[in-house]
Amino acid sequence: MKILFEGFSKLYMRKRYQRLQEAGFLMPADISYLSSGGLQDLELADHFIENAIGYMQIPLGVASNFRIDGVDRIIPMAVEETSIIAAASKTARWVREEGTLTTGIEGKCIIGQIQLAVVSNFEKFSKVISQEKMGLIELANRDVAHGLVARGGGVQDLTIRSVARPDGKTMGIIHVYLDPVDAMGANIMNQVCEYLRGPIQKISGETVNMCILSNLVDSRVTWAEVRLPRIDSDLGNRIAEASLFAELDPYRAATNNKGVLNGVDPILVATGNDWRAVEAGVHAYAARSGQYRSITRWTYTKELGLVGRFEAPLIAGTVGGVTKLHPTAKVSLQILGIESASELSRIMAAVGLVQNLGALKALTTVGIIEGHMRLHIRNLTLGAGALEKESPILQR
């Protein structure tokens, strides 16, 4: 894998294809598809959306040098911003050579919500739903989520919440916890919640107002951790101070988290996942304390060196929807070489954390202009009318 990584960014595209094929990430058919410009079939676009008129092409690249949980990875990223893949690859090499990058997931269920706008007697409602909980779970699994149950998932639990309304009345909310296995799970969750509407109204005598999944999935949180034990103490302290800034100040936290998502969103787009849903969940999770905060935290001590941690819900799928229909999404999943949605979530967390580290290192040393903006100069010169061969001269 080291041979694959070395000098990859300096290769012509044909050589990149060749090296990825030799390493088993791409097949000849994949190379033919990618080199011809990707998806051309407008009929497929009509299956994705209504009133389709074409495709908006976003560059697809690969980040190199990642070793996540001891496994070397090539990371497909679909993104328009110039510096993202370069920064991810450069920082991943630093972590690969000088430290470790590990990941994990706490919990496995996504959340659906069944809302009763006004509950006349919440105590009675809560009691009857609690008594009938197992029966409701069995009904949902038997009649709706049986496919997930066969794969080891399905509805796992129900909980009841009350929310005080401004008119003094009580809103009732039932949370449905479902293990979607390798699917993102939005559609099946909505089906489960809608199916339970009737039985809940029948046994409680109350009226269900709406049923919908929640994108704040604090029941399934993905984490990643970077450890750099030999980092220079001055740099380690600088990064820790920059992290503290994002923990305490929401204005900085917003930009910090955008930088983390620079590593997450391109993978979601490349694999055909709903990046908007993931972003909504991440931002809601970042504000769960009542103040918007950083989803990463970096600390430096002489004993441990620099330790960084990412923690947020990252709900993505490897089956269903565009993930299986879009040829580029299938190629991206093939490049990742993953076997489950949980692997995909952990890889995204790892890349997001590494992206954050690269940004903090640049900000606390050379600054944003030297690092991030320098890579944009080429685009600016070309946009101003310079020829490709003239661009390097103008960048000096």
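Just so you know, these numbers come straight off a predicted model, no measurement behind them.

Caption draft 1: Up close: the overall build of the chain. A tally of regular secondary structure across the chain gives 17 helices and ten strands. In terms of C-alpha radius of gyration, the chain reaches 24 Å, essentially the compact-globule figure of 21 Å for 396 residues. C-alpha extents for the chain along the principal axes are approximately 75 × 55 × 40 Å. Counting contacts in the chain only where the partners sit at least 6 residues apart, residues at least 24 apart contribute 73% of the total. Separation between the mean location of the 42 positive side-chain charges and that of the 41 negative ones in the chain comes to 4 Å.

Caption draft 2: Examining the pattern of salt bridges more closely. Taken as a whole, this structure holds 18 salt bridges when the rule is applied. The salt bridge involving D72 is made with R67; its shortest N-O contact spans 2.8 Å. Overall, the relative accessible area of 35% leaves R67 in the partly exposed class. For R346, the salt bridge is made with D69, and the minimal N-O distance between the two is 3.9 Å. Highlighted residues: R346 in helix α15 (residues 341-364) and D69 in the loop between β1 (60-68) and β2 (71-78), separated in sequence by 277 residues. The partly exposed category is assigned to R346, whose relative accessible area is 23%. The structure contains a network of salt bridges with shared partners spanning E106, E225, R227, R309 and E311.

Caption draft 3: Spatial organisation of the nonpolar core. Judged by nonpolar contacts, the single largest core of 84 residues is most densely connected at F66 and I75. Among the elements that make up this core, the one with the highest residue count is α15 (ten residues). In terms of nonpolar packing, the next biggest core, distinct from the first, is built from 16 residues, F8, Y17, L26 and L44 among them.

Caption draft 4: The pairing of strand β4 (residues 110-116), seen in detail. Counted residue by residue, β4 has six buried out of seven residues, so it is predominantly covered. Both β4 and strand β6 (residues 170-179) contribute to a ladder of seven bridges, which runs antiparallel. Its bridge partner being in β6, L116 is matched across the sheet by G172. The pairing of β4 with strand β7 (residues 210-214) spans five bridges and is classified as antiparallel. Bridge assignment links Q115 to a residue of β7, and that residue is M210.

Caption draft 5: Expanded view of the packing of helix α11 (residues 250-270) against helix α12 (residues 275-286). Viewed as axis vectors pointing N to C, α11 and α12 meet at an angle of 155°, and their least axial separation amounts to 10 Å. For the element pair α11 / α12, the angle class is roughly antiparallel. Along this stretch, α11 crosses α12, giving a crossing that reads as right-handed. For the pair α11 and α12, the contacting residues are N257, L261, V264, D265, L268 and V269 in the first and W275, V278, E279, V282, H283 and A286 in the second. Tallied by class, residues from the contact of α11 with α12 come to eight nonpolar, two polar and two charged.

Quick notes on the rules
- Residues numbered from 1 in each chain as written.
- Predicted model: local features only at pLDDT ≥ 70, side-chain atom pairs only at ≥ 80, totals over all residues.
- Heavy atoms only, no water.
- Helix = DSSP H or I, 4+ residues; strand = E, 2+ residues; numbered from the N terminus.
- Rg over C-alpha atoms; globule rule 2.2 N^0.38 Å.
- Contact = heavy atoms within 4.5 Å.
- Lys, Arg positive; Asp, Glu negative; His and termini not counted.
- Charge placed at Lys NZ, Arg CZ, Asp CG, Glu CD.
- Salt bridge = Lys/Arg side-chain N within 4 Å of Asp/Glu carboxyl O.
- Buried < 20%, exposed > 50% of the residue type's maximum accessible area, 1.4 Å probe, protein only.
- Core = buried A, V, L, I, M, F, W, Y, C linked by side-chain atoms within 4.5 Å.
- Pairing = 2+ DSSP bridges.
- Axes fitted to C-alpha atoms, helices over the stretch in contact; angles between N-to-C directions.
- Parallel < 35°, antiparallel > 145°, perpendicular 65-115°, else oblique.
- Left-handed = near helix turned anticlockwise from the far one by under 90°.
- Nonpolar A, V, L, I, M, F, W, Y, C, P; charged D, E, K, R; others polar.

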